[in-house]
Amino acid sequence: MEPDGDGSAATAVRRGQYGEGKGRGMGASVLVIEDERKIRQLLRSYLEHDGLSVLTTGSGAEGLRIARESEPDLVLLDLGLPDVPGEEVLRELRDRTRVPVLVLTARGETGDRIRGLELGADDYVTKPFSPREVVLRARAVLRRAGAVSSGAVRFGQGRLAIHPHHRSAHLDGRPLTLTPSEWGVLTTLADAPGRVFSRGELVSRIRGYAFEGDERIIDTHVKNLRRKLDAAADSGTEQVVETVLGAGYRLALPRDRD
């Protein structure tokens, strides 16, 4: 089964598995609506590596539901969708939301590019494309929309600093060397400090909604993350990641006011 969770994304939205708000706390959220599985996975990998939160689907109809219910900060939209024409998806997005849209298409003719822009697309990338170019264009659109910042997000009166754009973090001034899974746990918890995230929510964010393994693998990632946090923390300070028995985990440090 596909790791990006196609087919279950709308259900996940209805169950609240996408978390709270728009994902702007630890980097903007991006919805990729693309029918080619390999391209979805490639874009997800590059976007997440750049510190963005990514949702994916291969269906135009499902993409519209996800956009309505999860309110992403950016939509990457393939015009050549099998169920609903991409132009119709773009038109509905424009009618119902103000989310910026970056169009992905195999159509290289000038008329098609102009058509996409006339329908309200914010930018246009023609296949085949460089994934890195898509990331840079996505960042540019997000900056213009005011949804992303390169600055650090700080917690606990500056004790913990997370730099989403550079994918780095510091605790009590000491750098944290984190694996992708540990980074995923930390940034997910930091999206909503004090909120309890279940194992299922955490593993879904990190491994994808179609992950069929044991959810308790998240306990190992949390254990390793805590070990690194404890090694970096000043002695005598409170625990950064707390366990809530029978419920899950939460970030104990409140987010600092800007």
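This text goes with the structure placed above it.
Structural notes, computed from the coordinates. (Residues numbered from 1 in each chain as written. Predicted model: local features only at pLDDT ≥ 70, side-chain atom pairs only at ≥ 80, totals over all residues. Heavy atoms only, no water.)

Remarks on the overall build of the protein chain
Link 1 in the chain: The helix and strand inventory of the protein chain stands at 9 helices and 11 strands.
Link 2 in the chain: Out of the 258 residues in the protein chain, the part that is buried amounts to 50%.
Link 3 in the chain: Put simply, 63% of the contacts in the protein chain that link residues at least 6 apart link residues at least 24 apart.
Link 4 in the chain: When the accessible surface of the protein chain is totalled, it reaches about 12,300 Å², and 46% of it is carbon and sulfur. (Helix = DSSP H or I, 4+ residues; strand = E, 2+ residues; numbered from the N terminus. Buried < 20%, exposed > 50% of the residue type's maximum accessible area, 1.4 Å probe, protein only. Contact = heavy atoms within 4.5 Å. Areas by Shrake-Rupley, 256 points an atom, 1.4 Å probe, with all protein chains shown as cover.)

Examining helix H7 (residues 180–191)
Link 1 in the chain: The terminal C-alpha atoms of H7, which comprises 12 residues, lie 16 Å apart, in line with the 16 Å expected from a rise of 1.5 Å per residue.
Link 2 in the chain: Turning to H7, its buried residues are Ser 181, Glu 182, Trp 183, Gly 184, Val 185, Leu 186, Thr 187, Thr 188, Leu 189 and Ala 190. (Expected span 1.5 Å × (residues − 1).)

A few points about the pattern of salt bridges
Think of it this way: side chains of opposite charge can pair up when their charged atoms draw near.
Link 1 in the chain: Taken as a whole and assessed by the stated rule, the structure comprises 17 salt bridges.
Link 2 in the chain: Between Glu 36 and Lys 127 there is a salt bridge, with its nearest N and O atoms 3.7 Å apart. Of this pair, Glu 36 sits in the loop between strand E1 (29–33) and helix H2 (37–49) while Lys 127 is found in the loop between strand E5 (123–126) and helix H6 (131–145), placing the two residues 91 residues apart along the sequence.
Link 3 in the chain: On the basis of relative accessibility, which here comes to 40%, the residue Glu 36 falls in the partly exposed class.
Link 4 in the chain: A relative accessible area of 15% means that Lys 127 is categorised as buried.
Link 5 in the chain: Across the salt bridge formed by Lys 127 and Asp 78, the nearest N and O atoms sit 3.4 Å from each other. Here Asp 78 lies in strand E3 (residues 74–78) and Lys 127 lies in the loop between E5 and H6, a separation of 49 residues in the sequence. (Salt bridge = Lys/Arg side-chain N within 4 Å of Asp/Glu carboxyl O.)

Quick notes on the pairing of strand E8 (residues 168–171)
Link 1 in the chain: Residues Ala 169 and Leu 171 line the buried face of E8, whereas the alternating positions Ser 168 and His 170 sit on a face that is not buried.
Link 2 in the chain: Direction of pairing for strand E7 (residues 160–163) relative to E8: antiparallel, over a ladder of 4 bridges. Among the inter-strand pairings, Leu 160 is bridged to a residue of E8, identified as Leu 171. (Pairing = 2+ DSSP bridges.)

Notes on unusual backbone geometry
Link 1 in the chain: At the junction of Lys 127 and Pro 128, the peptide bond is cis and its omega measures out at -5° in the coordinates.
Link 2 in the chain: When you line up the elements, Pro 128 lands in the loop between E5 and H6.
Link 3 in the chain: Within the chain, Glu 71 stands out as a residue other than glycine whose phi angle is a positive 50°.
Link 4 in the chain: Phi at Asp 172 is positive, roughly 50°, even though this residue is not glycine.
Link 5 in the chain: Relative to the assigned elements, Asp 172 resides in the loop between E8 and strand E9 (174–176).

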